[in-house]
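Residues per chain, in single letters:
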Amino acid sequence: MMRTEVLKVYREILKATRKSFAGDTQMLNASAMEVRSKFEENKNVNSKEDIQRLVDEAHEASHFISTMIVQAKLNERGGYEMKPSKDHAGATLEVPSEEILKKSA
């Protein structure tokens, strides 16, 4: 049963990253590699309590990715636009400054 739950939350996180980073191949690839790396780091954990704790943390990470990450895209006017989805309703969004966005581009 634990294996099934681990695989389910693994797919849940990947789905959240695909949705949050849609259209951004670099972030999609980087996030998929990071998720896999984190799961690989813990593949030898045997304690049911530790596995459950890691699964709970993974659910929290998936929720965070789904509700707190919104990508800003450069528009034709030279500004950045965000399109939060209904998943972001009620969340407090922190908009990075233009300077931070330019550094990350």
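Residues numbered from 1 in each chain as written. Predicted model: local features only at pLDDT ≥ 70, side-chain atom pairs only at ≥ 80, totals over all residues. Heavy atoms only, no water.

- An unreviewed UniProt entry annotates the protein chain as Complex 1 LYR protein domain-containing protein originating from Chenopodium quinoa.
- You can read under Subcellular location (unreviewed entry) in the UniProt record for the protein chain the words "Mitochondrion matrix". (UniProt positions renumbered as here; feature names shortened; annotations may be inferred.)

1. Describing the nonpolar core
Line of reasoning, step 1. One finds M2, V9, Y10, I13, L14, A16, V35, I51, V55, A58 and I65 forming the largest nonpolar core, which totals 11 residues.
Line of reasoning, step 2. Every element with two or more residues in this core is listed here: α1 (2-20) and α3 (48-68).
Line of reasoning, step 3. The dominant element in this core, judged by the number of residues it contributes, is α1, at six residues.
Line of reasoning, step 4. Look past the residues within four positions of I65 in its chain and what remains in contact with it is I13, A16, T17 and S20. (Core = buried A, V, L, I, M, F, W, Y, C linked by side-chain atoms within 4.5 Å. Buried < 20%, exposed > 50% of the residue type's maximum accessible area, 1.4 Å probe, protein only. Helix = DSSP H or I, 4+ residues; strand = E, 2+ residues; numbered from the N terminus. Contact = heavy atoms within 4.5 Å.)

2. Focus: the packing of α1 against helix α2 (residues 25-41)
Line of reasoning, step 1. Two elements in contact, α1 and α2, have axes whose closest approach is 9 Å; the angle formed by their N-to-C orientations is 160°. The angle between α1 and α2 places the two elements in the roughly antiparallel class. The two elements α1 and α2 cross, and the hand of that crossing is right-handed. Seen from α1, the contacting residues are V6, V9, Y10, I13, L14, T17 and R18; seen from α2, they are L28, S31, A32, V35, R36 and F39.
Line of reasoning, step 2. For the contact of α1 with α2, the class distribution of residues is nine nonpolar, two polar and two charged. (Axes fitted to C-alpha atoms, helices over the stretch in contact; angles between N-to-C directions. Parallel < 35°, antiparallel > 145°, perpendicular 65-115°, else oblique. Left-handed = near helix turned anticlockwise from the far one by under 90°. Nonpolar A, V, L, I, M, F, W, Y, C, P; charged D, E, K, R; others polar.)

3. Observations concerning the packing of α1 against α3
Line of reasoning, step 1. Close contact between α1 and α3 brings their axes to 9 Å; oriented N to C, the two are set at 20°. Taken together, the axes of α1 and α3 lie roughly parallel to each other. Every pair of crossing elements has a handedness; the one defined by α1 and α3 is left-handed. Across the interface between the two elements, M2, E5, V6, V9, E12, I13, A16, T17 and S20 of α1 pack against K48, I51, Q52, V55, A58, H59, A61, S62, I65 and S66 of α3.
Line of reasoning, step 2. A per-class count over the contact of α1 with α3 returns 10 nonpolar, six polar and three charged.

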